[in-house]
Amino acid sequence: MPNYRRAYTPGGTYFFTVVTYKRYPLFKNKSAIDLLQRCFQTVTSEYPFDIDAFVILPDHLHYIWTLPPNDSDFSTRWKRIKALFTRYYTGASALDVTPSMIRKGE
């Protein structure tokens, strides 16, 4: 298993790539993108951060975020965005849920 290291720098700027489960083209329809936007709005109101740039492709996302000074917790933000999106996405029940996803709260 790879030994991943994550840099937690308060007030840092981070680049993320998030891939959909099994590279399913989830974001090929506008309703999924609209839902993602609403999830981001909710989370940024709960845990503020700046979105400096983003690209949404059918099966993955690229984001550049800058966190507030004295805050390095990007993990909680992503966990919350993923949880909200999954909860409200109408096709969520069709996705296979793995033990790893359950363990990570995804």
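Up top is the structure.
Residues numbered from 1 in each chain as written. Predicted model: local features only at pLDDT ≥ 70, side-chain atom pairs only at ≥ 80, totals over all residues. Heavy atoms only, no water.

For the rest of this paragraph, the subject is the overall build of the chain. Of the regular secondary structure elements, the chain holds 3 helices and 3 strands. Secondary structure elements of the chain occur, N-terminal to C-terminal, as β-α-β-β-α-α. Counting only residues that meet the buried cut, the chain has 27% of its 106 residues in that class. In the chain, the proportion of contacts linking residues at least 24 apart, taken out of those at least 6 apart, comes to 68%. (Helix = DSSP H or I, 4+ residues; strand = E, 2+ residues; numbered from the N terminus. Buried < 20%, exposed > 50% of the residue type's maximum accessible area, 1.4 Å probe, protein only. Contact = heavy atoms within 4.5 Å.)

This part takes up unusual backbone geometry. If you check the backbone angles, K22 has positive phi at about 55° while not being a glycine. Relative to the elements of secondary structure, K22 occurs in the loop between β1 (13–19) and α1 (30–46).

Here we take up the side chain of D59. As for its placement among the helices and strands, D59 is situated in the loop between β2 (50–57) and β3 (60–66). For D59, a relative accessible area of 17% puts it in the buried group. Apart from the residues lying within four places of it in its own chain, the contact partners of D59 are V18, V19, T20, R23, Y24 and P25.

What follows concerns the pairing of β2. Here 7 bridges tie β2 to β3, and the two strands are oriented antiparallel to one another. Opposite I51, over in β3, you have W65 as the bridge partner. Linking β2 back to β3 in an antiparallel pair, the connection comprises 2 residues. (Pairing = 2+ DSSP bridges.)

Geometric descriptors of this kind do not, in isolation, establish any biological role.
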